[in-house]
Amino acid sequence: MTFSQPPELSVPGPAAKQPDRRSTRLIWRRWWRQQSPDRQDRFATLGPLVSVMLFLAAIVAAFWYLRNEEFDRERESVKRDTEVVQQQIRLRLIENQEQLVRMAREVATRAIDQGQFLDQANTFVQTHPEVISLSWSQADRSIKASQLSPNLPMDTLRGLDDLPLTPGSTNNTPALQPLISKQAESAFTAAKELRQPAYSLPLTNSMDTQVIQIHVPLIDRRGFSGALIAEYSVEALLRYLVPREVASRHAMSLVEYNGHVLASTVAAGFDTASQSSVMHEVVVTPVGSGLILRGQGYRTSFGLIGNTLFWMVVALSALTVWMLLGNWRHMRRRMDIQQTLQRETNFRRAMENSMLTGMRVIDNEGRITYVNPAFCAMTGFSENELVGRLPPYPYWTLDRMEENNRLFQQELQGRSPAGGVEVRIMRKDGSHFDARMYVSPLIDAQGQQAGWMSSVTNITEAKRVRDQLSAAHERFTTVLEGLDAAVSVLSVHRGELLFANRSYRLWFGTDAKGHALLAGDGFPPLPPPDHDDAVDNLGGLTTQLLTDAGSDSREVHLEPLHKWFDVRARYIQWTDGRLAQMLIATDITARRQAEEQAAQQAEKAQVTSRLITMGEMASSVAHELNQPLTAITNYCNGMVSRVKNKNIADEDLIAALEKTARQAQRAGQIIHRIRSFVKRSEPQRQPSRARDIVEDAVDLAGIELRRRKVLIHTYVAPRLPTLLIDPILIEQVVLNLLKNAAEAIDNAGLPTSRRRIELRVVAKQPAEGESVVEFSVTDGGPGLKPEVIDRVYESFFSTKPDGMGIGLNLCRSIIESHHGRIQAENLYNGSEVVGCRFSFTLPVDVELPNFSDTQSDPPLDLIAKNP
């Protein structure tokens, strides 16, 4: 909330005269009267509220200050008492240490014997109740004499009756054997090495008592001869050395360096840490950092929570605030009601004046009693020209007086249609417009009908748009009915066929099942007849996402019609807002039949190409078969001659027969390979390895290469991925490229150094990101002319005199059917053509298992023998 600033109470300037108290009161009173009642109520309510809050804040600050002051006093008291107790313990330990040093000096100088030592030890432990034992230890840690304190509890002394008597014990009281522990061992060693009294860290003795030991070394003329060991009870130190007035005020504890409490002036079950907020710790000297004295202050105040006076003030302040808030809310509610009533009246008036719909009220006699500004703007007549008029009204058209009078009588009788009536209205300037008028009875506050309320809407533009839409719909329907494709629209929720053109009705009638057959699995199942509209079969996807998804195209075969359809589907919003699916199904049966015939022709062309290739290689194949057949004949004639002359051993006969068999197998392999290459089979794609394809193609091409005296170097990279291809067709492409390269080299009559062909198979990763395997055939021939490279793949185009021009065209068809690419390029040495390279790529199917990953194949590197 914001308030206006009060007026200035002084005039600027050094010589300005300050107003007196009376003028100040007048200025404030004038400013107060200028404020609105709402702001005055806010001032009157917030003043007492702010005063109460300031008073409460002052009380809280006072209590907080007193509590902090009390806390500081308690902290100083704890610190002072802790230092006093530390001084008491320090002085007592130093006094005892001096007596033990004198006694050790007498023992070391043989001034007293064992008996005298026991007498002095008895006197020492009696006068010092904090000491529970005094022992004379020799250099080997054996106890020569020991004296227990008579101040020990009876239970402790009774438990010592079973211990063996030591030589130094008196009054049949067992001497306490000092517990050999790491702490005692460290103190004994320190006293021995430093030749000074040494204190041990806190330890637990054989009586299960927390003690500290002081080791006073015995030094004679021979050196270290032992030590006097005095054990202090930690609990006795606090019990005898802490003053009672200090123990009553604060808790004193002896703790180890790790925080473990050894003894305390309070009960064992009392948690001093939780009850204390003030703590002070000092090191107990001369013991060292192994023993710490901790002083803690008792909680003497419960703070602000337990202060009755404070909470009474808080309660009274809260009650005052609550009463002030209640009064303020009541005043605000009354003002809100008044403002709401005023806003409602203004809103109704503004709504009537700003609405675009014309409003007209007539009484039961037909006299106009009210018109809004929108009605006056429609007709061009002012309110004074319309109010009080009886029929005929000035906005009635002259040519429709009888119709307007009939509608008026119908209106007075309450028989106007609920959907309104369409009328024609004349403006003041003589122009006309179409309007729709709705009539309803006007009921007053007493429930009596006071007349009739009419709302008038200008529908001239809407009527024009409606007529245009109707004409456009008629044109669009005519176009859809004339299409040869079937167009249908199906409601997704209800499974209702919303639209079907002539082609659809011709093939499927008016049933929605035809739409489901065309959609296939891409459309959700039709809902049952009692399906709830609120349930969506599309997984909760919004209509906007579905309509923006685009169209989906697929080819569908309908067995009942024996037809193929190219179906395009997408989701749209129907005219009433419902989600619908639109299908456009085009009959592609003729195209599919043409494609099948083309595939059959391509298959025949591939078989024919392989037969032509073998026909062209017939002489080479005959020469290749002649070699093993000639060898077989020679081996047989030789064996017959030697058998007739009985000049052959069994081993020689077996060797000759084995050679004959190998030559026969060689001839059989050649025939089998040629038969597998040229036999007619259905195209079948299967996982294949590039290595196997290259080996079969090189074996077949080797016959032609050897005849033409052309060398071939083959390299297949290791661990190539598996290809999903037809191996026979790819082998046909490789063989055709090898044969063309050999013919180009042989026809050019090149020297032996250039009669070479290189076949390489490697994996590549193009820029698009799809992995491929590249096959390349490089020769050292004359290359291709620039005009030939652009036409080398055309049908029936060939550079050979007797060529048919189908080889490379068929190769490109095979590679493109495998979604690959083939290209040719010349190799240059400067500006001179030194060869040609044909290469093609095949994509890798990542879903296939990689056979090469399961075995480590070396790179295939074959070089043909010198022909």
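Everything numeric in this text was worked out from a predicted model, so none of it was measured.

The number of helices and strands found in the protein chain is 23 helices and 28 strands. Within the protein chain, buried positions represent 38% of all 867 residues. Sequence separation of at least 24 residues holds for 61% of the intrachain contacts in the protein chain that already meet a minimum separation of 6. As presented, the protein chain carries roughly 50,500 Å² of accessible surface, and 54% of it is formed by carbon and sulfur atoms.

Moving on: the pattern of salt bridges. This model, assessed by the stated rule, comprises 32 salt bridges. We note a salt bridge from R436 to E422, for which the minimum N-O separation is 3.8 Å. One end of the pair, R436, is in strand β14 (residues 432–443); the other, E422, is in strand β13 (residues 421–426), and 14 residues separate them in sequence. The residue K463 makes a salt bridge to E422 at a minimum N-O spacing of 3.1 Å. Taken together, the residues K463 in helix α13 (residues 460–482) and E422 in strand β13 connect sequence positions 41 residues apart. Residue K463 is classed as partly exposed on the basis of its relative accessible area, which comes to 26%. A relative accessible area of 32% means that E422 is categorised as partly exposed. Among the charged side chains, a network of salt bridges with common partners joins E422, R424, D434, R436 and K463.

As for its position among the elements, T633 is in helix α18 (residues 618–644). Owing to a relative accessible area of 41%, T633 belongs among the partly exposed residues under this scheme. Residues T633 and T660 lie 27 residues apart in sequence; the distance between their C-alpha atoms is 8.6 Å.

Evaluation of the coordinates by the stated rule reveals 11 aromatic pairs. The interplanar angle of 80° and the centroid separation of 5.4 Å between the aromatic rings of F375 and Y395 together place this pair among those described as edge-to-face. Here F375, found in helix α10 (residues 373–379), pairs with Y395, found in the loop between α11 (383–386) and α12 (401–412); they are 20 residues apart in sequence, far enough to count as distant. When sorted by exposure, F375 lands in the same class as Y395, which is buried. Between W396 and F408, the aromatic rings sit 6.4 Å apart at their centres with planes inclined by 65°, giving edge-to-face as the arrangement. With W396 in the loop between α11 and α12 and F408 in helix α12, the pair connects residues that are 12 residues apart, well separated along the chain. W396 sits in the buried class, given a relative accessible area of 9%.

On to the nonpolar core. Among the nonpolar cores identified, the biggest contains 47 residues, and I757, F775 and F840 are the most heavily contacted of them. Sorting elements by how many residues they give to this core places helix α21 (residues 727–747) first, with 10 residues. Not counting the four nearest positions on each side in its chain, F775 is found in contact with A690, V694, L723, V734, R760, V761, F838, S839, F840 and L842.

This part takes up unusual backbone geometry. The residue after T285, namely P286, is reached through a cis peptide bond having omega 10°. In the segment running from P391 into P392, the intervening peptide bond is cis, with an omega of 0°. Along the chain, P392 falls in the loop between α11 and α12. Of note, the phi angle at R141 is positive, near 75°, even though the residue is not glycine. One non-glycine residue, R719, lies in the positive phi region at around 55°. When you line up the elements, R719 lands in the loop between β22 (711–716) and β23 (723–725).

Strand pairing in a sheet relies on backbone hydrogen bonds. The paired strands run either parallel or antiparallel. Taken in spatial order, the five strands of this open sheet run β12-β11-β15-β14-β13, and their pairing is antiparallel. Among the strands making up the open sheet, the edge pair consists of β12 (368–371) and β13. For this sheet, the mean angle separating the axes of adjacent strands, direction not counted, is 35°.

It is worth spelling out the side chain of S503 at this point. The topology assignment puts S503 in helix α14 (residues 502–508). At a separation of 3.3 Å, a polar atom in the side chain of S503 contacts the main-chain carbonyl oxygen of D484. S503 has contacts with L483, D484, A485 and A486, leaving out every residue within four places of it along the chain.

Here the focus is a nonpolar patch on the surface. A surface patch of nonpolar side chains, amounting to about 380 Å² of accessible area, comprises L319, W322 and M323. When you line up the elements, M323 lands in helix α9 (residues 308–354). When its relative accessible area of 52% is taken as the criterion, M323 is described as exposed.

Among the secondary structure elements, N205 is positioned in the loop between β4 (203–204) and β5 (210–220). The class for N205 is buried, based on a relative accessible area of 5%. A distance of 2.8 Å separates the side chain of N205 from the backbone nitrogen of T209, its partner in a polar contact.

With that out of the way, let us pick up the confidence of the model for the protein chain. Summarising the model, the protein chain shows a mean pLDDT of 78, and 75% of its residues fall at 70 or more. Residue range residues 859–867 is modelled with pLDDT below 50. Its contacts to residues more than four positions away, or to other chains, number 25 contacts.

Across the sheet, which stays open at both edges, the four strands sit in the order β8-β7-β10-β9 with antiparallel pairing between neighbours. The strands lining the two open edges of the sheet, one partner per strand, are β8 (261–264) and β9 (279–283). Taken pair by pair, the neighbouring strands of this sheet meet at an average axis angle of 25°, ignoring direction. Bridge count between β9 and strand β10 (residues 292–297): five bridges; the pairing is antiparallel. Each bridged residue has a counterpart across the sheet, and for E281 the counterpart in β10 is R294.

Rules and cut-offs
- Residues numbered from 1 in each chain as written.
- Predicted model: local features only at pLDDT ≥ 70, side-chain atom pairs only at ≥ 80, totals over all residues.
- Heavy atoms only, no water.
- Helix = DSSP H or I, 4+ residues; strand = E, 2+ residues; numbered from the N terminus.
- Buried < 20%, exposed > 50% of the residue type's maximum accessible area, 1.4 Å probe, protein only.
- Contact = heavy atoms within 4.5 Å.
- Areas by Shrake-Rupley, 256 points an atom, 1.4 Å probe, with all protein chains shown as cover.
- Salt bridge = Lys/Arg side-chain N within 4 Å of Asp/Glu carboxyl O.
- Phe/Tyr/Trp six-rings, centres within 6.5 Å; stacked < 30°, edge-to-face > 60°.
- Core = buried A, V, L, I, M, F, W, Y, C linked by side-chain atoms within 4.5 Å.
- Pairing = 2+ DSSP bridges.
- Axes fitted to C-alpha atoms, helices over the stretch in contact; angles between N-to-C directions.
- Polar contact = N/O pair within 3.5 Å; in protein donor to acceptor, adjacent residues only side chain to side chain.
- Patch = residues over 30% accessible without salt bridge, like charges linked within 9 Å, V, L, I, M, F, W, Y side chains within 5 Å.
- pLDDT = per-residue confidence, 0-100.

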